[in-house]
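Report on the structure
Residue strings, one per chain:
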Amino acid sequence: MGSGLSAFGGAATDSLRLAPDAPWLWNDAVAVLRANDLGEWTKPAPRLYPHQWSLDSAFIALGLCRVDADRALRELEHLFGAQWADGRLPHIVFNPKAHDYFPGPDLWACADVAGGAAPRGQTTSGLVHHPMQALAAWSVWEAAVEPAALVPRFRALYPRLLAWHRYLTAARDPQATGLLTIYHPWEGTDNSPRWDTALAHVVVGEVPDYSRHDLKHVEDASERPTRGEYDRYLWLAGLLKAARYDDALIQRTHPFLVKDVLASAIFAAANQALGSIAERLGRPEEERREIAALARRSSLAVQGQWDEAAQLALDIDLLAGQPIRVTTCAGLSPLLVPDLEPSLGRRLADRALGADFAGAPGLAFTVVPSTAPGSPGYQARSYWRGPSWPVINWLLWWGLRQQGFAEHAAALRSANLALLEQPAARFGEYFELGTGTPLGSSEQSWTAAVVLDWLAALP
Ligand code: 9WN
């Protein structure tokens, strides 16, 4: 156990309304976060993921604030301590004491090649993760028993959040479309079929020999990406390093450029949350208008990706100039955006619980799969190719609630809690659909965090 959790007991704060049926699940979730806590930040998993990951920390803050808002805010503060000078927030902040994860900081060599933008004194990856941090910060504000005490810290965090959103706007959407461009599957949903066709066009050159640590921590290799997928990941990472993480150059030369609807929908929601923080902090009108315009633009752009034939919002392979026709959970992401057109919302809500997703035949629990069973690229046990991810289910649940689909949301919450209440579930990273078997790591922090949030929010 880390030293930073003295204030972070098993009992709920008085701002909470706890689901009466599962106090032990609450206590176990708190224990997972306590065990993975390293004082200022939390490991995503006890052994498989020993560093700080950006999206994981956003979810962790969002769950942890139900127990300890001060510690939850520290999670975000530590993450933003590694922000680059250009506003970019790296997807991994490396723990100098952990050497059991591949690839480590050497692969990225950010301090040497990023033209001085990377932080000194901390090593990071050269990628970004989905921009959910402002949403997490706003959740911390709303859950805090005494938010006034945290205001000075929110004042310090806010310019960093704004710089992050401005980086994404300028560097990841120079076309001003409202859709963010990703450079690497690790910026999204790793081995999802979403990337298969774009990756198939990448000509992979010589990749120096490497040995993976992940397969030491996961018993069955079929739960993790393949060697061929790792070769591609490493080749793309090498190209980004060679381009010195220069966004303009990358967008002229890189062989993998995808407009990601899930990242963009999260960005729309995060801008709405950032707008709420800006308002509470009394930021100038002009700044608030800038943030509101970003939320609106991404919201419209994500809705504009709706495809009638697929009944989903589709990513775009920029190099092929084509929408990516796969049936994955990312296609439901318009549920997250502010000002969703109501009839589209209704169709999405039904689609999320319908026959390709939570209502698919043969599911042990009616949770949303990462990839629709039986669709191209689906694999029952492999990572993002089929199994359900509690954090994705949390996002869709949150979106359903935002859009006013209370019954759909309640059904998804109950199904996920039933899955996670199984004695064998142990806060798994992801779950096999037909059996509810946990896959990947157990005691995964962000799974514990979303359990806390689900239990704190009665249906
Ligand atoms: C690569 C930490 C991260 C999650 C990602 C998940 C996985 C890493 C890996 O673990 O990615 O960044 O080693 O496979 O796919 O969503 O944030 O939990």
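Please refer to the structure placed before this passage.
Counting restarts for each chain: residues are numbered from 1 in the order of the written sequence. Local features in a predicted model are, by the rule used here, given only for residues with pLDDT of at least 70; side-chain atom pairs are given and counted only at 80 or more, and totals for whole chains, interfaces and linings are based on all residues. The side-chain quantities take in all heavy atoms of the structure and omit both hydrogens and water.

Time to look at the overall build of the chain. Only runs of H or I of at least four residues qualify as helices and only runs of E of at least two qualify as strands under DSSP, and these elements are numbered from the N terminus. Within the chain, the secondary structure is distributed over 17 helices and ten strands. Throughout, the radius of gyration refers to the C-alpha atoms, and the reference size of a globule is 2.2 Å times the residue count to the power 0.38. On C-alpha atoms alone, the chain measures out to a radius of gyration of 20 Å, which is about the 23 Å that the 2.2 N^0.38 rule sets for 459 residues. For the C-alpha atoms alone, the extent of the chain along its principal axes is close to 55 × 50 × 45 Å. Counting over 459 residues, the chain shows a buried share of 61%. By the convention used here, residues are in contact when the closest approach between their heavy atoms is within 4.5 Å. Taking contacts inside the chain between residues at least 6 apart in sequence as the whole, the part at least 24 apart equals 72%. The protein chains shown are the only cover counted for residues, whose accessible areas, like all others here, come from Shrake-Rupley with a 1.4 Å probe. Per element, the accessible surface of the chain, about 16700 Å² overall, is 53% carbon and sulfur. Of the charged side chains in the chain, 40 are positive and 50 negative; the average position of the first set lies 3 Å away from that of the second. Think of it in three bands: with a 1.4 Å probe and only protein chains considered, a residue is buried below 20% of the maximum accessible area for its type, exposed above 50%, and partly exposed in between. The charge count treats Lys and Arg as positive and Asp and Glu as negative. His and the chain ends do not count. Lys charges are placed at NZ, Arg charges at CZ, Asp charges at CG and Glu charges at CD.

Let us now look at the environment of Asn 191. Structurally, Asn 191 is set in the loop between strand 3 (180-182) and helix 8 (196-200). Its relative accessible area of 2% is what places Asn 191 among the buried residues. Setting aside residues no more than four positions away along its own chain, Asn 191 makes contact with Pro 225, Glu 229, Tyr 233, Ser 382, Tyr 383, Trp 384 and Arg 385. In terms of polar contacts, Asn 191 uses its side chain to reach the side chain of Ser 382, at 3.1 Å. Counted as a polar contact is a pair of N or O atoms within 3.5 Å, where, for protein atoms, one must be capable of donating a hydrogen and the other of accepting one, and residues adjacent in sequence contribute only when both atoms are in side chains.

As a further point, take empty space enclosed by the protein. Grid spacing is 1 Å over the protein atoms alone, the probe is 1.4 Å, and a cavity is where that probe fits but cannot get out, while a pocket is an open set with protein on both sides within 12 Å along at least five of seven lines and lining residues have an atom within 4 Å of a point. Grid points are joined across faces, edges and corners, and a volume is the space filled by probe spheres set on the points. One pass over the structure, following the stated rule, counts six cavities of 30 Å³ or more. The calculated volume of the largest cavity comes to roughly 300 Å³. Asp 56, His 129, Asp 190, Trp 384 and Trp 446 are, among the 26 residues lining the largest cavity, the residues nearest its centre. When residues of the lining of the largest cavity are traced back to their parent elements, those giving at least two are helix 2 (54-64), helix 12 (261-280) and helix 15 (390-402). Residue polarity follows a fixed list, in which Ala, Val, Leu, Ile, Met, Phe, Trp, Tyr, Cys and Pro are nonpolar, Asp, Glu, Lys and Arg are charged, and the others, Gly among them, are polar. Of the residues assigned to the lining of the largest cavity, the class counts are 16 nonpolar, six polar and four charged.

Here we take up helix 16 (residues 406-421). Helix span, as expected, comes to 1.5 Å for every residue beyond the first. With 16 residues, helix 16 should reach 22 Å at 1.5 Å per residue; the first-to-last C-alpha distance of 22 Å fits that figure. His 408, Ala 409, Leu 412, Arg 413, Ala 415, Asn 416, Leu 417, Leu 419 and Leu 420 are the residues of helix 16 that are buried. As for helix 16, its buried residues are in contact with helix 1 (23-35), helix 14 (342-352), helix 15, strand 9 (430-431) and helix 17 (445-456).

The next thing to look at is the nonpolar core. Here is a general trend for soluble globular proteins: nonpolar side chains tend to be buried in one another's company. With 145 residues, the main nonpolar core has Phe 59, Met 132, Val 140 and Trp 394 as its most contacted residues. If you tally residues by element for this core, the top one is helix 12, at twelve residues. Beyond its immediate chain neighbours, meaning those up to four positions away, Val 140 contacts Ala 61, Cys 65, Ala 69, Ala 72, Leu 73, Leu 150 and Phe 154. Within this scheme, the nonpolar core is defined by two criteria: the residues are buried Ala, Val, Leu, Ile, Met, Phe, Trp, Tyr or Cys, and they are joined through side-chain atoms within 4.5 Å. Listed in part, the ten residues of the second largest apolar core include Ile 182, Ala 198, Phe 256 and Val 258.

Below, the discussion takes up the site of the ligand. Definition of nearness: a residue and a molecule or strand are near each other if at least one heavy atom of the residue lies within 4 Å of the molecule or strand. In the region of the ligand, 14 residues are neighbours, and Asp 56, Tyr 101, Asp 190, Arg 224 and Tyr 383 sit closest. In the model, an oxygen atom of the ligand is placed 3.0 Å from a nitrogen or oxygen of the Trp 53 side chain. The contact in question runs from an oxygen atom of the ligand to an N or O atom on the side chain of Arg 224, over 3.0 Å. Contact with the protein chains covers 99% of the free accessible surface of the ligand, which is 420 Å². Because more than half of its atoms lie within 2 Å of the grid, the ligand is assigned to the largest cavity. Classifying every residue of the shell around the ligand by side-chain character gives eight nonpolar, three polar and three charged. To qualify as sitting in a cavity or pocket, a molecule needs more than half of its atoms within 2 Å of the grid points.

It is at 11 Å that the axes of helix 16 and helix 17 come closest, and there the two elements cross at 130 degrees. It follows from the interaxial angle that helix 16 and helix 17 lie oblique. As for how helix 16 packs across helix 17, the hand of that crossing is left-handed. In contact with Arg 413, Asn 416, Leu 417 and Leu 420 of helix 16, helix 17 contributes Thr 447, Val 451, Trp 454 and Leu 455. Along the lines of polarity and charge, the residues of the contact of helix 16 with helix 17 split into five nonpolar, two polar and one charged. To get an axis, fit a line to the C-alpha atoms, keeping to the stretch in contact for a helix; angles then go from 0 to 180 degrees between the N-to-C directions. Angle categories are assigned with fixed cut-offs, so that under 35 degrees is roughly parallel, over 145 is roughly antiparallel, 65 to 115 is roughly perpendicular, and the rest are oblique. Take the far helix as your reference; a near helix turned counterclockwise from it by less than a right angle gives a left-handed crossing, and one turned clockwise gives a right-handed crossing.

With that out of the way, let us pick up the packing of aromatic side chains. Here the aromatic set is Phe, Tyr and Trp, taking the six-membered ring for Trp, and pairing holds for ring centres within 6.5 Å; pairs whose planes are under 30 degrees apart are stacked, those over 60 apart are edge-to-face, and all others are tilted. For the structure on display, the rule yields 22 aromatic pairs. Their ring planes at 45 degrees and their centres at 6.1 Å tell us that Trp 138 and Trp 141 sit as a pair that is tilted. One end of the pair is Trp 138 and the other is Trp 141, both in helix 6 (residues 133-143) and three residues apart, which spans about a single turn. Classification of Trp 138 by relative accessible area gives buried; the value is 13%.

Taken N-terminus to C-terminus, the directions of helix 2 and helix 6 make an angle of 15 degrees; their axes are 8 Å apart at the nearest point. Accordingly, the angle class assigned to the pair helix 2 and helix 6 is roughly parallel. As for how helix 2 packs across helix 6, the hand of that crossing is left-handed. Along its contact with helix 2, which presents Ser 54, Leu 55, Ala 58, Ala 61 and Leu 62, the element helix 6 presents Gln 133, Ala 136, Ser 139 and Val 140. Each residue belonging to the contact of helix 2 with helix 6 can be placed in one class, and the counts come to six nonpolar, three polar and no charged.

Tracing the backbone through its elements, the reader meets Glu 229 in helix 10 (residues 227-242). Beyond its immediate chain neighbours, meaning those up to four positions away, Glu 229 contacts Asn 191 and Arg 385.

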